[in-house]
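Residues per chain are reported as follows:
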Amino acid sequence: AVVATQSSGSSGINAEYGEPDYKRLHTYSLVRNSDMDDEMLSEAVDTAVTACDKFPENMEAAAQMLKQTMDTKFGPSWHAVIGEGFGFEITYEVKNLLYM
């Protein structure tokens, strides 16, 4: 998940970039829950951020990139879900969960 904020009391326009404040994204990844080891976690977070940067308007392509990278590096069968505003219930293998 990517967090976007708009500061109260501002004009709503980011003067430096000429775009609305709510489009300013935090520059760090927020890991909400994970039981991965450090190497796998680092690879997954880096790949997720890269995928979302590469495909900002196409979450399906970003998820596909993340899945393919994880399948190649750590073996099949990974599932990747990227987007906003949805609920989910999953069953997963221990030491293989990342929720950002």
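Before any of the text, the structure's been laid out above.
Residues numbered from 1 in each chain as written. Predicted model: local features only at pLDDT ≥ 70, side-chain atom pairs only at ≥ 80, totals over all residues. Heavy atoms only, no water.

A short note on the overall build of the chain
What counts is decided by this rule: Note on conventions: DSSP H or I runs of at least 4 residues are helices, E runs of at least 2 residues are strands, and numbering of each starts at the N terminus. Here's how the labels work: a residue is buried when its accessible area is under 20% of the maximum for its type, exposed when over 50%, partly exposed in between, all with a 1.4 Å probe on protein chains only. Contacts between residues were defined by any pair of non-hydrogen atoms, one from each residue, lying within 4.5 Å. Where accessible areas are quoted, they stem from the Shrake-Rupley method and a 1.4 Å probe; at the residue level, only the protein chains shown are allowed to cover.
Scanning the chain from N- to C-terminus turns up 2 helices and 4 strands. Helices (α) and strands (β) of the chain occur, in sequence order from the N terminus, as β-β-β-α-α-β. Within the span of the chain, comprising 100 residues, buried residues form 21% of the whole. Considering only intrachain contacts with a sequence separation of at least 6, the fraction spanning at least 24 residues in the chain is 44%. For the chain, the exposed surface amounts to about 7,400 Å²; the carbon and sulfur share of it is 50%.

Structural notes on the nonpolar core
Cut-off, in case you're wondering: Side-chain atoms within 4.5 Å are what join buried Ala, Val, Leu, Ile, Met, Phe, Trp, Tyr and Cys residues into a set we call a nonpolar core.
Among the nonpolar cores identified, the biggest contains 9 residues, and these are Met36, Met40, Ala44, Val45, Ala48, Leu66, Met70, Trp78 and Met100. For this core, the secondary-structure elements that each account for two or more residues are α1 (38-54) and α2 (59-74). Considering each element in turn, this core owes the most residues, 4 residues, to α1. Not counting the four nearest positions on each side in its chain, methionine 36 is found in contact with Leu41, Ala44, Met70, Trp78, Lys95, Asn96, Leu97 and Leu98.

Some thoughts on the pattern of salt bridges
Quick note on the threshold: Whenever Lys or Arg places a side-chain nitrogen within 4 Å of a carboxyl oxygen from Asp or Glu, that contact is recorded as a salt bridge.
Tallying each qualifying case throughout the model produces 2 salt bridges. Note that glutamate 43 is salt-bridged to lysine 73, the shortest N-O span being 3.7 Å. Of this pair, glutamate 43 sits in helix α1 while lysine 73 sits in helix α2; the two residues are 30 residues apart in sequence, bridging distant segments of the chain. Note on lysine 73: relative accessible area 44%, which makes it partly exposed. Across the pair lysine 67 and aspartate 71 runs a salt bridge whose closest N-O atoms are separated by 2.4 Å.

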